[in-house]
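Analysis of the macromolecular model
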Amino acid sequence: MHLAQLNVAHMLAPLDTPQLADFVANLEPVNALSDVAPGFVWRLKGGDLPTDTVKHDYGDELLINFSVWESRETLWNFVYRSPHLPVMKRRREWFARAAVPYTVMWWIPEGHVPTLEEGMGRLGLLRAQGPGPEAFTFKEFYEPDGTLAPA
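Residues numbered from 1 in each chain as written. Predicted model: local features only at pLDDT ≥ 70, side-chain atom pairs only at ≥ 80, totals over all residues. Heavy atoms only, no water.

Once that is clear, we can look at the nonpolar core. With 43 residues, the main nonpolar core has Leu 6, Ile 64, Trp 106 and Phe 136 as its most contacted residues. Every element with two or more residues in this core is listed here: β1 (2–10), α1 (21–36), β3 (62–69), α2 (72–80), α3 (84–89), β4 (103–108) and α5 (116–129). For this core, the element with the most residues is β3, which contributes six residues. Among residues more than four places away in sequence, those in contact with Phe 136 are Leu 3, Val 104, Met 105, Trp 106, Trp 107, Leu 126, Pro 131, Phe 141 and Tyr 142. (Core = buried A, V, L, I, M, F, W, Y, C linked by side-chain atoms within 4.5 Å. Buried < 20%, exposed > 50% of the residue type's maximum accessible area, 1.4 Å probe, protein only. Helix = DSSP H or I, 4+ residues; strand = E, 2+ residues; numbered from the N terminus. Contact = heavy atoms within 4.5 Å.)

Structure (structure tokens):
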């Protein structure tokens, strides 16, 4: 099994504004870093340019990141133990605080490429029912067999 993850963020301004300039400048280096990170499998890309964001019908202000990893550990290491972390720590400069879950994970069979609709559905499930084997977070993480991982 592989671990799918989706996170969404509501931008404080359009991507082409000075307020988000540093974020946009970091897109290419962070995406390039993820693409070669140990355990990385796949990510949804927005277009041909490294700075292209995912195109979708969920609102212009919503930025989406969607990827697949070999394991919890490989995703954790990319998010929290790589040059991605300093960029993530600056998220409040660019994105609104979320009152609802904004990131979700779930297990998929190796080789399955999840759709954006599937990911948004999992996020909706997490928001409606809380963490469970079908939609969870790092804080309340479920193993592929459906059991809650120890804290």
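Further notes follow.
A word on α1. The largest bend along α1 reaches roughly 35° and is located at Leu 27, with the proline Pro 29 sitting one to four residues downstream. Along α1, the positions that sit buried rather than exposed are Phe 23, Leu 27, Val 30, Asn 31 and Ser 34. Those residues of α1 that are buried lie in contact with β2 (40–43), β3, α2, α3 and α4 (91–94). (Bend = angle between axes of the 7 residues up to and from the residue.)

What follows deals with the pairing of β3. The buried count for β3 comes to seven of eight residues, which makes it a mostly enclosed element. In this structure, β1 lies alongside β3, joined through eight bridges in antiparallel fashion. Paired with Asn 7 across the bridge in β3 is Asn 65. Direction of pairing for β2 relative to β3: antiparallel, over a ladder of three bridges. (Pairing = 2+ DSSP bridges.)

Attention now goes to the sheet that holds β4. Strand order in the open sheet formed by four strands is β2-β3-β1-β4, with antiparallel pairing between adjacent strands. Either end of the sheet is taken by a strand with one partner, and the two such strands are β2 and β4. The mean angle between the axes of side-by-side strands here comes to 20°, regardless of whether they run parallel or antiparallel. Across six bridges, β1 lies against β4 in antiparallel orientation. The residue of β4 that forms the bridge with Gln 5 is Met 105. (Axes fitted to C-alpha atoms, helices over the stretch in contact; angles between N-to-C directions.)

What follows is about the side chain of Ser 67. Along the chain, Ser 67 turns up in strand β3. At 2.7 Å, the side chain of Ser 67 forms a polar contact with the side chain of Trp 69. Once you skip the residues sitting within four places of it in the chain, Ser 67 turns out to touch Leu 3, Ala 4, Gln 5, Trp 42 and Arg 43. (Polar contact = N/O pair within 3.5 Å; in protein donor to acceptor, adjacent residues only side chain to side chain.)

Distances and angles like these do not, on their own, reveal function.
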